[in-house]
Structure formats: structure tokens, C-alpha cells
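Architecture and fold: a report
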Amino acid sequence: MNLLEYDAKRLVLAPANIRLLDGALCHTVAEAAAAAERIGPCVVKAQVPTGKRGKAGGIRLAATPAEARDAAERILGMNIAGHPVASVMIEAQAAIIHEYYAAVLHAPRERCSLVLFSTEGGMDIEEIAESRPEMLRKHWVRTIDQFDEADAMEMLDGLALGTAHAEIARILVAMYRRYRETDAELIEINPLVQLADGNIAALDCKFVLDDGAAYRQSALAAAAAPDPSTSLERRASEVGLKFIELDGPVGILANGAGLTMTTMDVVSVLGGKPANFLEIGGDAYTKAEPALELLLAKPEIRALVVNFCGAFARTDVMARGVVEAWQRLEPDLPVFFSVHGTGSDEAVALVRDAFGIEPFDLMEDAVRAAIEAAQ
Amino acid sequence: MSTFPIIRRSDRIVVIGMTGGQGTFWTERMREVGTQIVAGVNPKRAGETHLGLPVFASVNAVVRSMQADVAVMFVPPAGVRDAALDVIDAGVGGLVMLTEHVPAHDMLDVFSASDARGCRIVGPNTAGLVTPGEAFVGIMPGHNNKVFSPGRVGVISRSGSLGTLVCLNLTRGGFGQSSFIGIGGDPMIGTTSLDALIALDRDERTDAVVLVGEIGGTMEEEAADYARTMGKPVVAFIAGRAAPPGRKMGHAGAIVAGSGGSYPSKRAALEAADVAVADTPHGIVGALAARLPALAKMPA
């Protein structure tokens, strides 16, 4: 889950006393003009949870309220990488002496956390790592050790930060503390800047909340920007299912993320096009019936593959859900099964009785049949 | 001497959360195949007997009265951190974490402690470990002989459902398994593809390895570097070639950002290391037959 820049600054950075420029969140052109009236020369920034806003035309300078109104007019309603722009942030312009990069994030390979800092800010971290690797400092942290100002000072040692050294160290420690407190996957300030008056301020902030911790970060989770999604995808998430709509005609119902992705892959490898990702693995194996209902509501689907391989998920429970939804909704759709693993004897019998067909031995053959039927 | 993460019948196993519905069901399945379960843990039921086994308040309490080699947890996400720290603190050498959606910051605390104490973790979000004909821990159909059969092919999988399908295909194709290591679908896990590959490379009962990976992260690339140095053939399947970029496909680990962790990146790294990459799950069987001398096949 991502926060918008405005929320990340207000909810994550401000409580840690990290300096921000004067700013306001605006949902209309009139609000933007009024905010610019109060703030003065400003930057008008699209509030969408994605990078590359600048390149997409989502960030504009405005010297006057009229220019801010004009910029907001252009930006509101844009679509940036699939995200409709519903709000802009009006933020004061500032004289900048230097741009830095700072981040705290998970380091999955080392199974710990990573604090990053570079004296080269304002571009992507991938570019920084590529173009000026000697300017990128990394410090891995185990939670047992914590990360304090001495660690931060040591990390920054030799970087010629001048008077900013101690304040940047303090900010890195504050970022680490907020990262721990907020169950963040990532807190990134890019750029972190030194202003003409010597102060250090966050000009942007990217914040990613760990989905698994949403239950105990309710304020942040409530503020999270919604994923780009279709109405069917939203319906799915309301019943606790992960559904992604794709372009093809071959519908897929499978259990477990790995098996579902694999079913999509096999459709694609055998020359077909998958219509969706939808899995009912884990605790969701009891949800075959609502899952099938979602698929049947997608008119582009011309054939369906049901691919179950039960480990924890019981295929008999899943097959019963499919049969019940099918008998209730009576769709006119060719369906092809492959069913193995936990509960498969009973599941196969259910499919035979209800559909009068035999599940395919190999999932590859079920997929091949569905591709043909969808043509 | 424990060979964890290769599970053996000699491993003495504690089931945390054994008295719950899933804990009870899977403890019965594990024992059906001969797995040596020695105790259960539930703070509210300490002192009772369940399935004929003693129930303790904590793993620390278990190890005060008996030896334990491996702990497996049937615990909801919010309780995982403290239960895992109890296992680590008790000095148990192996921990299998089945739970999905464990907060990552809780896992940072767990890994910080396990590294300090030398506890080997498998998971979280794993379906478990199976050594056919011997023992299994977790929520795999280790008791189903249509899926698992004893043999000499080691299998590593991030996914339980796909791992089940692969083992089923191997069994039907005449290739029994020396051991199945489910490593888990999360991006941050205790035993990586590489760790599991090293374990199976050192295992005398394993002649070849099937590596079942997924897009996201760089684990398969790291395993490829090691596979290059192995004398045993390795065959791989990587799920997610048709996944749209940038969308989370259920497994938190399977998200592709930029070029790192993409299907082409993983496939190229594996093929450069002389690992055969199958296009479909059933293709694994053919690729294995081409690479493995007939002796590894099960007797008819």
C-alpha cells in the first residue's frame, strides 16, 4: 500500500520533526488557486502513488495564483501510469543549494533493514547506483542492534556534507525510527535538500506500507492510495479475493498464487491469452463459489480452465463451490478441469456428476482444450 | 545430526498450535506417515494431552523436559513473532513457519534473533517439508502417495500448490523424490532457493534437483550461480512469465519492478548455468529424463 506524497509527509515525516515546505492538498482548481494565494510562488504536483510524475507532466511551477490555477487545471484529471489524478499538492518554491537522497527499506536477501544515503539526489536510486556508486552509502541494520546517531555519523563519514552533517544524521535516525513504528516497507526522501537558509527539508516522500501490517496501522492503511483497479477487481477485494483482469478470452480459476500464475503461463505458452489472475488458495479455498461468480461476470471470457492441485486447499471443497455456483447461475460457457491433490477423489466424482465430463490428467491438456474452445 | 531443512523421521518435532482445527488435522496427517511428533504447544491448554501427546505452555517448557529438533507453527499472523522468538530462545535448531501475511517488521525481529542464535528458519508462508516415505512437516499432502513417492530427485518450491503439482508429475513420470523443500512465497524468507539447493547438493540421497521458482526477487539468479558448480543436474520451472508487470500476484514475493527479477532475467541466468528451464510443469519430467541416467528412476 502506498501513501500519496502529501499524506506521507504529513503522517510519516512531520511527527519525526523532519522539515517540510509550506503546502496544501487541493482537489479542485479553485482550492489550488486559493492555496497559491496564501503560499506564494509554488510547485503544483499531481498526487498519485507512482514515480515519473515530472516526466508525465504532473509537476508544474507556478509563480502566481493564476498560473497555479492553470497548472491545476491541466494536472487534475490526468492519468499517470494508470492512476487518475484526483488531487494536487501546492507546495512553496524554495531556493535549493543541494539535493540528496535518503531511504530506509527492507533488505530481503540479508534479512534485515537497509539505510541508504547519497549526496546525489533528485534522480532514481537505480540511476544513482549506476552513475555515482561511490556517492551511495549503505548501512544494514539488524533490529537487535538498532540504528543510532553514531551509526549514522559513521555512515556519512567522508561525504563532505559540511554544516548539514549532523542534521542529516538526525534525519536518517528519525527515518529509521518511523520505518519501524509505521511498519513501512520503504520510506524514501528524494530529494532531501539543503535550502539557501541552511535548513534540510524533504521535498518529496515515498512511503510503502507492509500489507501484512495494515491491521495494526489503521490510520495509515485508511489513508493509503487505492490500487488501480476495475470494478470487478474491487468487488473481488471486498470478498477477500485477489483478482486481476487481463485482455484474453481464457478464464482461469486455480488455487495458490504459484499454480495460478503457472496456469496463466501455460495458456500463454500454448498460444492462448489469459483473461485473468484469480486464486483461491490458502484460507480462501472455501471461496470457489464467489470466485466463479466474479469470472462469470466478465463477458470477455469464452472458455474456462479450472486447475486445482490441493495441498492445504481441499479440492473437494473447491469443486463443490464451483458446482454450486454453476448450478445456480447456469452459464453457457465451456469449462475444462484438471484436479489433483488433497481431496481429489471426491472432487473428480463431483465434477463427473455435475458436468458429465472427465477432468484432464494434465493441466496442459485442460488449458489446450480451453484455448481451442475460446477461439 | 539433523539434516534440516531436509526433514527426517529421526527429527523430533514440536507442533505449536496443535490443539486448533488445522493443527489437529495436520498433526494427524504428519503422524500417519511416521513423522515423530513429540509435543504440542498452547499456553491455554498446558498440562493437557491432545492426540495422545503432551501439551506445553511454550517451546521453552518443552525443551526442559524433552529433546526437540524442529518446531512447526500453526499460528495466526499477529502471534507469529512471539511464538517464533520462543522457539529461537529455547535453542531449537529448525523452525517451519507456515503462516501467510506475517508483518515484515515482526520477521525482521525474528531473523535478527535467529541469526544470533543459529536457528534455521524455513518460511514464512511455506507449505512445508516432505521426505517421502519418511516424514513431513507442514500442510503438504505428504501422506498422499499419488503425489509423493520415495526416490532420488530433490524438489525446491516457493509455492505449495505448484510444488504439489510438480511432485505429482514426477511421481507419475517414475521419478520419486528424495526430499521436497517448500521455501515459501514471501520476499524475505529464512531458507532461500540457494540454501535449499546447497542442502540437496550435499545430500547423498539426491541425484538431481528440480527448482520451482517465481518472478520477483533475485533468488533464482543466485541459485543459478551455485548450480553452475554442481555435479548434479538441475531442472527449473519459473512461474510468472505471463504476469503483467507491477501487479502483485498473491505471493508478495512475485512482483516485478523494472528488469530485476523478471522472467527473462531468471531464465537467462539459469540457462547460462546449464540448468534446463521447462516451459510447462509437465515439461520438467522430460527435461529431467534427458539429464538423468536411468538409475535414478524408481524401480517399477
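What you see is a predicted model, and the numbers here were worked out from it, not measured in a lab. Here the residue numbering is sequential within each chain, running from 1 through the sequence in written order. Chains and ligands are labelled sequentially in the order written, the chains with letters from A and the ligands with numbers from 1. Reporting of local features is limited, given that this is a predicted model, to residues whose pLDDT is at least 70; pairs of side-chain atoms are given and counted only at 80 or more, and all residues count toward the totals for whole chains, interfaces and linings. With hydrogens and water set aside, each side-chain value is computed from the structure's full complement of heavy atoms.

**Considerations on the side chain of Ser58 of chain B**
All names here are of chain B. Within the secondary structure, Ser58 is located in the loop between strand 4 (53–56) and helix 2 (59–65). Remark: exposure states derive from per-residue accessible area (1.4 Å probe, protein chains only) relative to the maximum for the residue type, with buried under 20%, exposed over 50%, and partly exposed in between. A residue is classified by how much of its surface remains accessible, and Ser58, at 18% relative accessible area, is buried. Any pair of nitrogen or oxygen atoms within 3.5 Å is treated as a polar contact; in protein, a donor-acceptor pairing is required on top of that, and neighbouring residues in sequence qualify only through side-chain atoms on both sides. In this structure the side chain of Ser58 is engaged in a polar contact, spanning 3.0 Å, whose partner is the backbone nitrogen of Ala61. By the convention used here, residues are in contact when the closest approach between their heavy atoms is within 4.5 Å. Apart from the residues within four sequence positions on either side, Ser58 is in contact with Val41 and Asp86. A helix here means a DSSP run of H or I that spans at least four residues, while a strand means a run of E at least two residues long, and both kinds are numbered starting from the N terminus.

**Regarding the domain arrangement of chain B**
All names here are of chain B. Taken domain by domain, chain B holds domain 1 (12–122) and domain 2 (144–291). Distance between the C-alpha centres of domain 1 and domain 2: 27 Å. Buried surface at the junction of domain 1 and domain 2, both sides included, amounts to about 660 Å², of which 56% is carbon and sulfur. Values labelled buried area give the accessible surface lost by two parts on being combined, using a 1.4 Å probe and summing over both. It is Phe111, Arg120 and Val122 in domain 1 that bury the most area against domain 2; as a group they hold 57% of the surface buried on that side. Salt bridge, as used here, is a side-chain nitrogen of Lys or Arg placed within 4 Å of a carboxyl oxygen of Asp or Glu. Here domain 1 and domain 2 share 1 salt bridge between them. Scanning the region where domain 1 abuts domain 2 turns up 1 residue pair in polar contact (both at pLDDT 80 or more). Going through the elements one at a time, helix 4 (104–117) and strand 7 (120–122) are the ones with two or more residues in the side of domain 1 that touches domain 2. Residue ranges for the domains trace back to a domain assignment, done automatically or taken from a database.

**Here's the deal with the sheet that holds strand 4 of chain B**
Residues and elements named next belong to chain B. Any two strands are treated as partners once DSSP identifies two or more bridges connecting them. Read across the open sheet, the 7 strands follow the order 3-4-2-1-5-6-7; overall the sheet is mixed. Because the sheet does not close on itself, it has two edges, and the strands there are strand 3 (49–50) and strand 7. Summarising the sheet, strand 2 (residues 37–41) and strand 4 pair through 2 bridges and their orientation is parallel. Note that in strand 4 the partner of Gly40 across the bridge is Val55.

**Side note on the domain arrangement of chain A**
Here chain A is described as being made up of domain 1 (22–92), domain 2 (96–223) and domain 3 (231–374). A C-alpha centroid distance of 26 Å is found between domain 1 of chain A and domain 2 of chain A.

**What to know about the pattern of salt bridges**
Residues and elements named next belong to chain B. Inspection of every chain in the model, using the stated rule, returns 48 salt bridges over all chains. Residue Asp89 is joined to Arg117 by a salt bridge in which the shortest nitrogen-to-oxygen separation is 3.8 Å. Taken together, the positions of Asp89 in helix 3 (residues 77–89) and Arg117 in helix 4 put the pair 28 residues apart, joining distant regions of the chain. On the basis of relative accessible area, Asp89 is assigned to the partly exposed category, the value being 45%. Arg117 gets classed as partly exposed once you look at its relative accessible area, which sits at 47%. Close ionic contact of Glu134 with Arg205 constitutes a salt bridge, the shortest N to O distance being 2.8 Å. Taken together, the residues span a long stretch of sequence, with Glu134 in the loop between strand 8 (128–131) and strand 9 (135–138) and Arg205 in the loop between helix 6 (193–202) and strand 12 (208–214) at a distance of 71 residues.

**So, the interface of chain B and chain A**
Of the residues lining the interface, 58 residues belong to chain B; the matching set on chain A comes to 52 residues. In total, chain B and chain A occlude about 4,300 Å² of area from one another, counting both sides; carbon and sulfur atoms represent 60% of this. If you look at where chain B meets chain A, you find 6 salt bridges. Between Lys146 of chain B and Asp345 of chain A there is a salt bridge, and its shortest N-O distance comes to 2.8 Å.

**Points about the sheet that holds strand 12 of chain B**
Residue and element names in this part refer to chain B. As summarised here, the arrangement of the 7 strands in space is 9-8-11-10-12-13-14, forming an open sheet in which the pairing is mixed. Two strands bound the open sheet, and with one partner strand each, they are strand 9 and strand 14 (276–277). Where strand 12 lies against strand 13 (residues 234–239), 6 bridges are found, and the strand directions are parallel. Paired with Val212 across the strands is Phe237, a residue of strand 13.

**Digging into the nonpolar core**
Most often, soluble globular proteins keep nonpolar side chains buried together rather than apart. Think of a nonpolar core as a cluster: buried Ala, Val, Leu, Ile, Met, Phe, Trp, Tyr and Cys residues, connected wherever their side-chain atoms sit within 4.5 Å. Leu253 of chain A together with Met30, Val155, Leu170, Leu197, Val210 and Leu288 of chain B are the most contacted members of the largest nonpolar core, which has 136 residues in total. The greatest single-element share of this core, amounting to 7 residues, is contributed by helix 13 (residues 363–374) of chain A. Leu197 of chain B has contacts with Ile156, Val209, Ala223, Tyr226, Ala227, Met230 and Val234 of chain B, leaving out every residue within four places of it along the chain. Ranked by size, the runner-up nonpolar core spans 72 residues in total, among them Ala16 of chain A together with Val110, Phe111 and Met188 of chain B.

**Points about the packing of aromatic side chains**
Centres within 6.5 Å are what make two rings of Phe, Tyr or Trp a pair, Trp counting through its six-membered ring; a difference in plane orientation under 30 degrees is then read as stacked, over 60 as edge-to-face, and the rest as tilted. Within the structure shown, the criterion is met by 10 aromatic pairs over all chains. Aromatic pair Phe148 of chain B and Phe180 of chain B: ring centres 5.9 Å apart, planes at 65°, arrangement edge-to-face. Here Phe148 of chain B, found in the loop between strand 9 and strand 10 (150–157), pairs with Phe180 of chain B, found in strand 11 (residues 177–182); they are 32 residues apart in sequence, far enough to count as distant. Its relative accessible area of 4% is what places Phe148 of chain B among the buried residues. Given the relative accessible area of 0%, Phe180 of chain B is considered buried. An aromatic cluster is defined as three or more aromatic residues linked by ring pairs; in this entry it consists of Phe147, Tyr176 and Tyr179 of chain A. Both a distance and an angle decide whether a charge sits over a ring: NZ of Lys or CZ of Arg must be within 6 Å of the ring centre and within 35 degrees of the ring normal. The ring of Phe111 of chain B has Arg111 of chain A sitting right over it, with the charged end atom 5.7 Å from the ring centre. One Lys or Arg, Arg29 of chain B, reaches over the ring of Phe25 of chain B and ends 4.6 Å from the middle of that ring.

**Some points on the packing of helix 5 (residues 149–156) of chain A against helix 6 (residues 165–181) of chain A**
Residues and elements named next belong to chain A. Put simply, helix 5 and helix 6 touch, their axes get as near as 9 Å, and they point 125° apart. Our classification of the angle between helix 5 and helix 6 gives oblique. The way helix 5 lies across helix 6 gives a crossing that is right-handed. Contacts between helix 5 and helix 6 pair Glu149, Ala152, Met153, Met155 and Leu156 from the former with His165, Ala166, Ile168, Ala169, Arg170, Leu172 and Val173 from the latter. Axis definition: a line fit to C-alpha positions, over the contact stretch in the case of helices; interaxial angles, taken between N-to-C directions, run 0 to 180 degrees. Just so you know how the angles are binned, under 35 degrees is roughly parallel, over 145 roughly antiparallel, 65 to 115 roughly perpendicular, and the rest oblique. For any pair of crossing helices, the crossing counts as left-handed if the nearer helix is rotated counterclockwise from the farther one by less than a right angle, and right-handed if it is rotated clockwise.

**Examining the pairing of strand 13 of chain B**
All names here are of chain B. The buried fraction of strand 13 amounts to 6 of the 6 residues, a majority that puts the element mostly inside the structure. Burial along strand 13 is two-sided: Val234, Ala236 and Ile238 facing one way and Val235, Phe237 and Ala239 facing the other are all buried. Look down the strands so they point away from you; if the path from the first strand over the helix to the second goes clockwise, the crossover is right-handed. After leaving strand 12, the chain enters helix 7 (residues 219–227) and then returns to the sheet as strand 13, a path that is right-handed.

**Considering the confidence of the model for chain B**
Overall, the prediction assigns chain B a mean pLDDT of 93, with 92% of residues at 70 or greater. In the model output, the complex is listed with pTM 0.94 alongside ipTM 0.93. Per-residue confidence from the predictor is reported as pLDDT, a score between 0 and 100.

**Details of the packing of helix 5 (residues 160–172) of chain B against helix 9 (residues 283–291) of chain B**
Residue and element names in this part refer to chain B. In the contact formed by helix 5 and helix 9, the axes pass within 9 Å of each other and the chain directions differ by 50°. The pairing of helix 5 with helix 9 is recorded here as oblique in orientation. Between helix 5 and helix 9 the crossing geometry is right-handed. Listed contacts from helix 9 to Val166, Asn169 and Leu170 of helix 5 are Ile284, Val285 and Leu288.

**Regarding the state of the cysteines**
The disulfide definition used here is simple: a pair of cysteine sulfur atoms within 2.5 Å. Per the counting criterion, the structure on display carries 0 disulfides over all chains. Free of any disulfide, Cys26 of chain A has its nearest neighbouring cysteine sulfur in Cys42 of chain A, separated by 8.9 Å. With no disulfide partner, Cys119 of chain B has as its closest neighbouring cysteine sulfur the one in Cys112 of chain A, 17 Å distant. For Cys119 of chain B, a relative accessible area of 8% puts it in the buried group.

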